Amino acid sequence: MNLIEKLCKYKDLSDDDLERLIDNRQYEKALMHNAEEVRRVHYGTDVYIRGLIEISNCCQNNCFYCGIRSDNKKLKRYRLTKEQIISCCNQGYPLGFRTFVLQSGEGGFFSDEELCEIISGIKTAYPDCAVTLSLGEKSFASYRSFFDAGADRYLLRHETADEEHYRLLHPQEMTLENRRQCLINLKKIGFQVGSGFMVGSPGQTIKHLVRDLRFLQELQPDMIGIGPYISHRDTPFYDCPNGELHLCLRLIAILRLMFPHALIPSTTALGSITENGRELGLTAGANVVMPNLSPSGVRKLYEIYNNKLSTKEEAAEAILSLKQRVASVGYNIITDIGHVKKAGG
Ligand code: 5AD
């Protein structure tokens, strides 16, 4: 049995097998073809959209790769009001958005009470929509209160599953163990959980990527977000090269084959490194796109990496042209809450 058949049939792939699949361009076509088939079995040609609302760029963390890190004093910081956030949802709903993703840097820039009010405000106004949070590491009690306020999903990328690599990317006070514990807590509470990692981050090896896949196999997340690392001029990694498109595509395809039901976005980062990156991500097995619903005045300020797409098809108001782009590769953006289709469900 060849490698790709093995992957499709879950025939215990060894770490060596995975390394070869990740590392070799020669497997790319077959991987993408098979991933595309598996995606069609579970999701047809449907593409779910999520309206991304970047509620604050304040951040107490100092991750070495990220443009909104606390040491970046050049950045003007902002925080949206509850009214501004609800108004983003009001704009998104008629455009067909049925999931709103609230994303921010990490820290107590909103109290738990404020966040719960925002979450329940959205759920009251739009009971047919999902609220996804992407607010970083919080205590079990905070996560619990968000869930009780009505939040449905939580995105928290593990970034890298290798301890040493984690140390290279993050300051001392952050730990992979805490990240893992947060993900376990989120699952325990009942969130649909998303994790993921950057591709081509500084110091990353193919072995690290295999560890990332193993980490995800253990976690069994509902959502998996990956995208290329992209450098930002005001970070210690300003001169590190960006992640590669083709490596990302192979990994998306491998993820689709390993996690047939997962919700996998074709990320903004992928669209930011190559003109048609997002379309290519869909053809590799991704089934979600996350246009930006943030107020246009703050979009430039949420610059986690340089040259982030924010004004063309990435912008929610340009949904029509995004629909055309998605249709150009044979898929359809649909108006749907877009929950994960669980195995056997
Ligand atoms: N390049 C690409 N992705 C990045 N992220 C943060 N900084 C960068 C960067 N320079 C990703 C992280 C984070 C997500 C919100 O954005 O994976 O979890």
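Note: the structure precedes this text.
Rules used throughout
- Within each chain, residues carry numbers counting from 1 in the order of the written sequence.
- In view of the model being predicted, local features appear only for residues whose pLDDT reaches at least 70, and side-chain atom pairs are presented and counted only at 80 or more, with totals across whole chains, interfaces and linings using the full set of residues.
- Computation of side-chain values: all heavy atoms of the structure, hydrogens and water removed.
- We count a stretch as a helix when DSSP gives it H or I for four or more residues in a row; a strand needs E for two or more, and each element gets its number in order from the N terminus.
- Radius of gyration: over C-alpha atoms. The globule rule applied is 2.2 Å multiplied by the number of residues raised to the 0.38 power.
- Between buried and exposed lies partly exposed: a residue is buried under 20% and exposed over 50% of the maximum accessible area for its type, with that area taken using a 1.4 Å probe on protein chains only.
- Contact definition: two residues touch when any of their heavy atoms are within 4.5 Å.
- We score Asp and Glu as negative and Lys and Arg as positive, and we do not count His or the chain ends.
- Where a charge lies is defined by one atom per residue type, namely NZ (Lys), CZ (Arg), CG (Asp) and CD (Glu).
- Axis lines are fitted to C-alpha atoms, over the contacting stretch for helices. Their N-to-C directions set the angle, which ranges from 0 to 180 degrees.
- Any angle that is under 35 degrees is reported as roughly parallel, and any over 145 degrees as roughly antiparallel; angles of 65 to 115 degrees are reported as roughly perpendicular and all others as oblique.
- Should the near helix be turned counterclockwise from the far one by less than a right angle, the crossing is left-handed, whereas a clockwise turn marks it as right-handed.
- Think of it this way: one heavy atom of a residue within 4 Å of a molecule or strand is enough to make that residue near it.
- The definition of a polar contact used here is a pair of N or O atoms within 3.5 Å, where within protein one atom must be able to donate a hydrogen and the other to accept one, and adjacent residues in sequence count solely through side-chain atom pairs.
- Using a 1.4 Å probe, the Shrake-Rupley method yields the accessible areas, and only the shown protein chains count as cover for residues.
- Asp, Glu, Lys and Arg are counted as charged, while Ala, Val, Leu, Ile, Met, Phe, Trp, Tyr, Cys and Pro are counted as nonpolar; the rest, among them Gly, fall into the polar class.
- Pairing between strands is defined by DSSP: at least two bridges between them are needed.
- Whether two aromatic rings pair depends on their centres lying within 6.5 Å, for rings of Phe, Tyr and Trp, where Trp uses its six-membered ring; planes under 30 degrees apart make the pair stacked, over 60 edge-to-face, and the rest tilted.
- Multiplying one less than the number of residues by 1.5 Å gives the expected span of a helix.
- One speaks of a salt bridge when a side-chain nitrogen belonging to Lys or Arg is within 4 Å of a carboxyl oxygen belonging to Asp or Glu.

### Concerning the overall build of the protein
Step number 1: Of regular secondary structure, the protein possesses 14 helices and 9 strands.
Step number 2: Radius of gyration (C-alpha) of the protein: 19 Å, near the 20 Å computed for a compact globule of 345 residues.
Step number 3: For the protein, buried positions account for 60% of its 345 residues.
Step number 4: When contacts within the protein are restricted to residue pairs at least 6 apart in sequence, long-range pairs at least 24 apart make up 75% of them.
Step number 5: Mean positive and mean negative side-chain charge positions of the protein (42 and 42 charges, respectively) differ by 3 Å.

### Focus on the packing of helix α4 (residues 82–92) against helix α5 (residues 112–125)
Step number 1: Here α4 crosses α5 at 30 degrees, and the two axes come no closer than 10 Å. As the angle between them shows, α4 and α5 are arranged roughly parallel. Between α4 and α5 the crossing geometry is right-handed. Every residue of α5 that contacts α4 at K82, I85, I86 and C89 is listed here: E117, I118, G121 and I122.

### A look at the site of the ligand
Step number 1: Close to the ligand lie Y65, C66, Q103, R157, E159, M198, P228, Y229, I230, I304 and Y305.
Step number 2: With respect to the ligand, the side chain of E159 contributes an N or O atom lying 2.6 Å from an oxygen atom.
Step number 3: Between the ligand and I230, the relevant distance is 2.7 Å, taken from a nitrogen atom to a main-chain nitrogen or oxygen of the residue.
Step number 4: For the ligand, whose accessible area on its own is 410 Å², the fraction buried by protein is 86%.
Step number 5: Considering only residue class, the shell around the ligand consists of 8 nonpolar, 1 polar and 2 charged.

### Considerations on the sheet that holds strand β8 (residues 288–289)
Two orientations exist for strands paired in a sheet by backbone hydrogen bonds: parallel and antiparallel.
Step number 1: Pairing within the open sheet is parallel, and its 3 strands lie in the order β8-β1-β9. Edge positions in the sheet fall to β8 and β9 (332–334), since each of these pairs with one other strand and no more.
Step number 2: Helix α14 (residues 319–328) contacts β1 (46–49), β8 and β9 of the sheet and is inclined by roughly 135 degrees relative to β9.

### A short note on the packing of aromatic side chains
Step number 1: With the rule as written, the count across this model stands at 7 aromatic pairs.
Step number 2: Where F100 meets Y126, the ring centres are 6.1 Å apart and the plane angle is 55 degrees; that geometry is what we call tilted. Taken together, the positions of F100 in strand β3 (residues 99–104) and Y126 in the loop between α5 and β4 (130–134) put the pair 26 residues apart, joining distant regions of the chain. Y126 shares its class with F100; the two are buried.
Step number 3: Ring geometry for Y154 against F191: centres 5.8 Å apart, planes inclined by 75 degrees, an arrangement best described as edge-to-face. Taken together, the positions of Y154 in strand β5 (residues 153–155) and F191 in the loop between α8 (176–189) and β6 (192–199) put the pair 37 residues apart, joining distant regions of the chain.

### Examining helix α10 (residues 245–258)
Step number 1: With 14 residues, α10 extends 20 Å between its outermost C-alpha atoms, agreeing within 8% with the 20 Å of an ideal straight helix rising 1.5 Å per residue.
Step number 2: Of all 14 residues making up α10, 13 are buried, and the element is well covered by its neighbours.

### Looking at the packing of helix α3 (residues 28–43) against α10
Relative orientation and spacing of two packed helices are given, respectively, by the angle between their axes and the distance between those axes.
Step number 1: Contact pair α3 / α10: the axes reach a minimum separation of 8 Å and the direction vectors enclose 40 degrees. With respect to each other, α3 and α10 are oriented oblique. Along this stretch, α3 crosses α10, giving a crossing that reads as left-handed. Taken together, the residues of α10 that come into contact with α3 (itself represented by E28, L31, M32, N34, A35, V38, R39 and Y43) are H246, L249, R250, A253, I254, R256 and L257.
Step number 2: Within the contact of α3 with α10, the residues separate by chemical class into 9 nonpolar, 2 polar and 4 charged.

### Brief notes about the pattern of salt bridges
Step number 1: Here the structure, examined in full by the defined rule, presents 20 salt bridges.
Step number 2: Note that R25 is salt-bridged to E28, the shortest N-O span being 3.5 Å.
Step number 3: Looking at E28, the relative accessible area reads 7%, which means it is buried.
Step number 4: Note that R180 is salt-bridged to E177, the shortest N-O span being 3.2 Å. Remark: E177 and R180 occur in helix α8; sequence separation between them is 3 residues, near one turn of the helix.
Step number 5: You can call R180 partly exposed: its relative accessible area is 25%.
Step number 6: Through salt bridges with shared partners, a single ionic network connects R25, E28 and R250.

### Some words on the sheet that holds β3
Step number 1: Taking strand neighbours across the sheet as the criterion, the 6 strands line up as β2-β3-β4-β5-β6-β7 in an open arrangement whose pairing is parallel. Lying at the two open borders of the sheet, with one neighbouring strand each, are β2 (51–56) and β7 (223–228). For this sheet, the mean angle separating the axes of adjacent strands, direction not counted, is 20 degrees.
Step number 2: One ladder, built from 3 bridges, connects β5 with β6; its direction is parallel. Bridging across to β6, Y154 finds its partner in V193.

### Here's the deal with the environment of S142
Step number 1: Following the sequence through the fold, S142 ends up in helix α6 (residues 140–148).
Step number 2: According to the relative accessible area criterion, S142 is buried, its value standing at 8%.
Step number 3: S142 sits 15 residues away from R157 along the chain, and the two C-alpha atoms are 18 Å apart.
Step number 4: Only 2.6 Å separates the side chain of S142 from the side chain of D112, close enough to count as a polar contact.

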